[in-house]
Amino acid sequence: MRQAGRYLPEYRALRQKHSLLELCHKPELAAQVTLQPVERLGVDAAILFADILLPFEPLGLGLSFATGEGPQITRPIRAADQVLELPPVDPVNDLDYVLEAVRQVVRALPPRVPLIGFAGAPFTLASYAIEGGATRTFTLTKRFMYAEPRAWHELMRRLAELVGGYLAAQAHAGAHALQLFDSWVGCLSPADYATYVFPHSQRALELAGSSGAPVIHFGTDTAGLLVDFARAGGDVIGVDWRSPLDAAWERIGPGRAIQGNLDPVALLAPRSELERQVRDVLARAGRRPGHIFNLGHGVLPETPVESVQAVVEWVHGG
Ligand code: CP3
């Protein structure tokens, strides 16, 4: 998830001088931010500094981040015919700055620390492309899905090819593992997930996996559709705190690895409560192989750095 970000003073210092998009566009800066949490926290893997919405620039949708308001898409997709007008995107050329950041990070990382590359899943990207920004209800997205199923599937098909190829390109540039973020897919009913999303996530995950790198399939609020979500693919399934880790693992199946699932808000709790929750996740994993300890979602800006450091120490056996 987000390891870097506003909770880290060294990140905030860089953000005083550069916009978020500037940090993403300049490989030297993106590489520097990627390394910050590795140096500060001693985590076992680095996650590339980028954003899932960067492909919206070559797609011509227009992207900006307003302070405190999250992402804003200048030309959202509101009509079926806009989908066919989207330009083709070649990640190797159009997102070459991300691939260059991957190459620079891989050269700079200590040899024992792998790099995780990532991309947004077709549904989560489609929701931003259609809504034009953050939403609680996904009204425009679902209305488009129901009213324009042909255009919806065409949009999802294009996004799946784009992000699948983009993930494979990150692996070829040196990323050791890949993560597909379907952050908002939990807003769907299981039936709508199966009809409108499943085949496209499956395609993106298949293309990513064809690179040979292990793939993490991440979602939140997926308890209602976890079996299908896992069936769509991924060597590792990311789960959030809304299900106990052992119960979620049971449903995913023993052949699959699992990532999760501490509530990010636990990092704001008193130390004893935080420790209790961390040890609960570890106990539920029960030292079975294939557990990646992680938060269920991103680190919140108000998180004390010492709490994150304490979690890393407990997980490492302290
Ligand atoms: O931790 C890291 O170093 C990895 C970098 C990373 C970012 N975004 C940088 C970023 C990653 C992995 C992402 C993924 C991402 N981006 C997701 C999927 C994961 C998730 O959290 O669900 C999503 C949905 C986005 C879209 C996005 N980007 C949103 C909703 C926001 C606003 C968040 C907010 O709190 O306002 C962003 C901005 C963003 N991308 C930040 C960071 C560190 C916020 C910090 C800043 O503005 O400097």
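For the structure itself, consult the block above.
Only a predicted model underlies this, so the values are computations on that prediction, with no experimental measurement involved.

Rules behind the numbers
- Residues numbered from 1 in each chain as written.
- Predicted model: local features only at pLDDT ≥ 70, side-chain atom pairs only at ≥ 80, totals over all residues.
- Heavy atoms only, no water.
- Near = heavy atom within 4 Å.
- Polar contact = N/O pair within 3.5 Å; in protein donor to acceptor, adjacent residues only side chain to side chain.
- Nonpolar A, V, L, I, M, F, W, Y, C, P; charged D, E, K, R; others polar.
- Salt bridge = Lys/Arg side-chain N within 4 Å of Asp/Glu carboxyl O.
- Helix = DSSP H or I, 4+ residues; strand = E, 2+ residues; numbered from the N terminus.
- Buried < 20%, exposed > 50% of the residue type's maximum accessible area, 1.4 Å probe, protein only.
- Pairing = 2+ DSSP bridges.
- Phe/Tyr/Trp six-rings, centres within 6.5 Å; stacked < 30°, edge-to-face > 60°.
- Expected span 1.5 Å × (residues − 1).
- Contact = heavy atoms within 4.5 Å.

A separate point is the site of the ligand. In the vicinity of the ligand there are 23 residues, among which Gln 3, Arg 6, Tyr 11, Arg 15 and Ser 183 approach most closely. A distance of 2.5 Å separates an oxygen atom of the ligand from a polar side-chain atom of Arg 6. Taking Tyr 11, its side chain carries an N or O atom lying 2.5 Å from an oxygen atom of the ligand. Residues belonging to the shell around the ligand are distributed by class as follows: 14 nonpolar, five polar and four charged.

In this section: the pattern of salt bridges. Counting across every chain of the model gives 14 salt bridges. One salt bridge in this structure joins Asp 221 and Arg 242, with 3.7 Å as the shortest N-O distance. With Asp 221 in the loop between strand 6 (215-219) and helix 11 (226-231) and Arg 242 in the loop between strand 7 (236-238) and helix 12 (245-252), the pair connects residues that are 21 residues apart, well separated along the chain. For Arg 284, the salt bridge goes to Asp 246, with nearest N and O atoms at 3.1 Å. A residue pair is termed long-range when its members are at least 10 positions apart, and Arg 284 in helix 13 (residues 271-285) and Asp 246 in helix 12 qualify at 38 residues. By relative accessible area, which is 27% here, Asp 246 ends up partly exposed. One network of salt bridges, with partners in common, ties together Glu 154, Arg 157 and Arg 158.

Moving on, we get to the sheet that holds strand 4 (residues 115-120). The strand order across the open sheet built from seven strands is 1-4-5-6-7-8-9, with neighbouring strands paired in parallel fashion. Only two strands of the sheet have a single partner each, and these edge strands are strand 1 (46-47) and strand 9 (291-295). Bridging between strand 1 and strand 4 involves two bridges; their strand directions are parallel. Residue pairing for strand 4: Ile 47 is matched across the bridge by Ile 116.

A few words on the packing of aromatic side chains. Going through the model one piece at a time under the given rule, you end up with eight aromatic pairs. Measuring from ring centre to ring centre gives 5.4 Å for Phe 118 and Phe 181, while their planes differ by 80°; the resulting arrangement is edge-to-face. Taken as a pair, Phe 118 in strand 4 and Phe 181 in strand 5 (residues 177-182) lie far apart in primary sequence, 63 residues in all. Among the residues examined, Phe 118 registers a relative accessible area of 8% and is labelled buried. Ring centres 6.1 Å apart and planes at 55° place the aromatic pair Phe 123 and Trp 152 in the tilted group. With a gap of 29 residues between them, Phe 123 in helix 7 (residues 122-131) and Trp 152 in helix 9 (residues 149-172) connect regions that are remote in the sequence.

With that settled, the discussion passes to helix 3 (residues 27-41). Each turn of an α-helix holds 3.6 residues, which means side chains three or four residues apart point in the same direction. If you check helix 3, its first and last C-alpha atoms are 22 Å apart, about what 15 residues at 1.5 Å a residue would give, namely 21 Å. Counting buried residues along helix 3, eleven of its 15 residues qualify, which places the element largely inside the surrounding structure. Of the residues making up helix 3, those classed as buried are Pro 27, Leu 29, Ala 30, Ala 31, Val 33, Thr 34, Leu 35, Gln 36, Pro 37, Val 38 and Leu 41. Those residues of helix 3 that are buried lie in contact with helix 1 (9-17), helix 2 (20-25), strand 1, helix 6 (96-108), strand 4 and helix 14 (305-315).

On their own, these measurements won't tell you what the molecule is for.
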